[in-house]
Amino acid sequence: MNPDALAIFWPFGIFISMLFIIGLYCVLATFNLVRALIGLELLIKAVTLLLVVAGYISNNLALAQALVITLIVIEVVVMAVAMGIVLGIHSHNSSLDLRKLKNLKG
Amino acid sequence: MLINIIILICLILSGLWTVMTRSLLRAALGLALTSIILTIIMFRLGSPLAAVFELSVCSGLISVLFISTISLTEPMSQQETLKHMRQRLVRFWYLPFVIVAAGIALSFLKMPLDFKLSVTETMQTVRFILWDVRQLDLIGQVIILLSGVFGVVILFREGEKR
């Protein structure tokens with residue numbers, strides 16, 4: 001990476017890492033299923049921003065935008081299915097607590 | 001660059017608020033706010049198509065999905081609902097005045113409204129990459145979309161059966 005690109009990248013890189021760490025903390029620390037999905041969303045947002053910044057630095061914004069659009073479409077599908085699963089778990093267990101999901105425990 | 005850093009700080013603060021707030025509904029709203037700030041950064045980095053997708057899908061559709069899931073899993077009791085309905089008009093009595101005042105203030109500001117996007121060439125390139133360059137992964141994306149639709153349909157059907 002040339003110095004100019006690095007000078008543009010490092011502030012974005014720091015904030016992207018921070019956002020990723022926040023999302024990871026949310027996924028790991030919570031016992032609520034909806035909150036875990038919110039953490040997953042934050043992780044995906046950090047990756048989205050990384051893709052856009054990479055495209056901006058390498059002057060390849062069109063490819064980055066195409067990738068981001070694909071990412072967003074897949075993100076929506078994942079979220080819709082995950083919400084359906086969360087609703088199913090809630091109707092089955094009357095709770096969203098991850099610690100109570102022990103039905104398949106051997 | 002300073003503006004970018006300020007917007008990035010706002011992004012981190014809204015992400016922190018999303019994670020740290022106790023109410024799930026506020027967390028969903030914080031996520032929508034994070035999406036909106038990310039959209040601003042994308043516009044500033046010259047990615048308008050991705051930004052529009054992010055704004056409409058992530059801060060619109062996914063927020064609606066989250067809020068509907070939260071409302072379906074944490075229903076309010078009857079007393080809470082009645083109390084909420086009684087307080088609704090009282091809490092927002094000032095909203096029409098705020099909207100009218102904001103409209104009058106904006107009309108006095110004389111903002112430049114001749115927005116012209118200077119990125120039509122980039123957008124055409126994005127369209128070219130999206131529809132002409134990609135071949136195999138487009139099939140994969142369609143399969144993922146179909147699996148998502150079928151998954152949601154099957155889940156809702158099972159919910160109705162129960």
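Residues numbered from 1 in each chain as written. Chains lettered and ligands numbered in written order. Predicted model: local features only at pLDDT ≥ 70, side-chain atom pairs only at ≥ 80, totals over all residues.

Enquirer: Just to check I follow, could you spell out the overall build of chain B for this structure?
Expert: A count of helical and extended segments in chain B gives 7 helices and 0 strands. Helices (α) and strands (β) of chain B occur, in sequence order from the N terminus, as α-α-α-α-α-α-α. For chain B, with 162 residues in total, the buried portion stands at 21%. Long-range pairs, those at least 24 residues apart, make up 49% of the contacts in chain B with a sequence separation of at least 6. (Helix = DSSP H or I, 4+ residues; strand = E, 2+ residues; numbered from the N terminus. Buried ≥ 20, exposed ≤ 12 C-beta atoms within 10 Å, placed from the backbone. Contact = placed C-beta atoms within 7 Å.)

Enquirer: Mind showing me how you'd approach the packing of helix α2 (residues 33-57) of chain A against helix α2 (residues 24-44) of chain B here?
Expert: Between two packed helices, the angle of one axis relative to the other and the distance separating the axes together describe the packing. The interhelical angle for the contact between α2(A) and α2(B), taken along N-to-C directions, is 5 degrees, at an axis separation of 11 Å. Classed by the angle they form, the pair α2(A) and α2(B) counts as roughly parallel. In this structure, α2(A) contributes A:V34, A:R35, A:I38, A:E41, A:L42, A:K45, A:T48, A:L49 and A:V52 to the contact, and α2(B) contributes B:L24, B:A27, B:A28, B:L31, B:T34, B:L38, B:I41 and B:M42. Considered class by class, the residues forming the contact of α2(A) with α2(B) number 12 nonpolar, 2 polar and 3 charged. (Axes fitted to C-alpha atoms, helices over the stretch in contact; angles between N-to-C directions. Parallel < 35°, antiparallel > 145°, perpendicular 65-115°, else oblique. Nonpolar A, V, L, I, M, F, W, Y, C, P; charged D, E, K, R; others polar.)

Enquirer: Looking at this structure, how should I read the interface of chain B and chain A?
Expert: Interfaces are often sized by the amount of accessible area the parts lose when they come together. Contact residues are listed per partner, giving 49 residues for chain B and 44 residues for chain A. The set of elements that each furnish at least two residues to the side of chain B that touches chain A consists of α1 (2-20), α2, α3 (48-73), α6 (120-133) and α7 (136-161) of chain B. Here the side of chain B that touches chain A takes 14 residues from α3(B), the largest share from any one element. Its residues placed into classes, the side of chain B that touches chain A shows 33 nonpolar, 13 polar and 3 charged.

Enquirer: Could you clarify how one ought to interpret the confidence of the model for chain A in this entry?
Expert: For residues with low pLDDT, the predicted coordinates do not support detailed interpretation. Overall, the prediction assigns chain A a mean pLDDT of 87, with 95% of residues at 70 or greater. Within chain A, the element-level pLDDT minimum falls on helix α3 (residues 61-93) of chain A, averaging 88, and the maximum on α2(A), averaging 93. (pLDDT = per-residue confidence, 0-100.)

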